[in-house]
Amino acid sequence: WCWDAMGHKTDDVYIMSRRLGALRVIPIQGANKYGKPIATMPKKKNDRKVYLTTVGTDNAKALIYSRLKLTYDSSQQVNNGYIHFPADDSVCGDEYFKQLCSASKKLETIQGRQVYRWVKSYTFDEALDCWVYANAALRISIDRFFADLGTELENNNQKEKSTKELAAALGG
């Protein structure tokens, strides 16, 4: 899993990341730059001896919001990309959805250039941040640790990668 390394506990995140290793937890930092990939995990550790992974928050938010716009088609057996939420308000109530939909894309002029920026439109945005970071964790799992969700669902008895194979994938 991933955790935010740029908050008020940065040193603690780095210490725990070194202690647990990249196979257990990966420190991440958001980068709100248009066109940045959702997750860019480095092949080498940084000067703090961790794999600090950059998350392209703009692209992640665009992906999440595009999936939230999808409508469920009951005639289809599979609705690719459609997001399902629990019908229980105590799990996903009004506050949760206000936080999830707490950003909007606005066109701004910066140094004479027009660029799109995600602007926070609600006081709290923790639900959206969790979705962004979960999406990054999923991308890292697929790209670096060879997670194949389709195969996992079809065959629960799949041989797991050895620690040696995962370490080789990380270049270590």
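Residues numbered from 1 in each chain as written. Predicted model: local features only at pLDDT ≥ 70, side-chain atom pairs only at ≥ 80, totals over all residues. Heavy atoms only, no water.

Engineer: Could you give an account of the nonpolar core, naming the residues involved and the relevant values?
Structural biologist: Of all hydrophobic cores here, the largest spans 24 residues; its most connected members are Ile-26, Leu-128, Val-132 and Ile-140. Those elements that place two or more of their residues in this core are β2 (26–31), α2 (57–68) and α4 (126–143). With 7 residues, α4 is the largest single contributor of residues to this core. Residue contacts for Val-132: discarding those within four places in its chain leaves Val-55, Thr-57, Ala-60, Lys-61 and Ile-64. (Core = buried A, V, L, I, M, F, W, Y, C linked by side-chain atoms within 4.5 Å. Buried < 20%, exposed > 50% of the residue type's maximum accessible area, 1.4 Å probe, protein only. Helix = DSSP H or I, 4+ residues; strand = E, 2+ residues; numbered from the N terminus. Contact = heavy atoms within 4.5 Å.)

Engineer: Any details on the sheet that holds strand β3 (residues 53–56)? Residues and values, ideally.
Structural biologist: Remark on secondary structure: sheet strands pair via backbone hydrogen bonds, oriented parallel or antiparallel. Overall, parallel pairing links the 3 strands, which are arranged β1-β2-β3 in an open sheet. The open sheet has two free edges, formed respectively by β1 (2–4) and β3, since each of these has just one partner strand. Adjacent strand axes in the sheet meet at a mean angle of 45 degrees, parallel and antiparallel pairs treated alike. For β1 and β2, the ladder comprises 3 bridges, and the chain directions are parallel. Bridge pairing in β2 places Cys-2 opposite Ile-26. The strands touched by α2 within the sheet are β2 and β3, with β3 carrying the most contacts at an inclination of about 50 degrees. Running over the sheet, α4 touches β1, β2 and β3 and is turned about 120 degrees from β3. (Pairing = 2+ DSSP bridges. Axes fitted to C-alpha atoms, helices over the stretch in contact; angles between N-to-C directions.)

Engineer: Break down the pairing of strand β5 (residues 113–120) for me, citing the residues and quoting the values.
Structural biologist: Pairing of strand β4 (residues 103–110) with β5, which is carried by 8 bridges, proceeds in the antiparallel orientation. Bridge pairing in β5 places Lys-106 opposite Arg-117. Here β4 folds back onto β5, and the loop between the two strands holds 2 residues, one of which, Gln-111, carries a positive phi near 50 degrees.

Engineer: Break down a negative patch on the surface for me, with residues and values.
Structural biologist: Where like charges cluster on the molecular surface, the negative patch consists of Asp-4, Asp-88, Asp-89, Asp-94, Glu-95, Glu-126 and Asp-129. For the negative patch, the secondary-structure elements that each account for two or more residues are α3 (94–100) and α4. Tracing the sequence through the fold places Glu-126 in helix α4. (Patch = residues over 30% accessible without salt bridge, like charges linked within 9 Å, V, L, I, M, F, W, Y side chains within 5 Å. Areas by Shrake-Rupley, 256 points an atom, 1.4 Å probe, with all protein chains shown as cover. Salt bridge = Lys/Arg side-chain N within 4 Å of Asp/Glu carboxyl O. Lys, Arg positive; Asp, Glu negative; His and termini not counted. Charge placed at Lys NZ, Arg CZ, Asp CG, Glu CD.)

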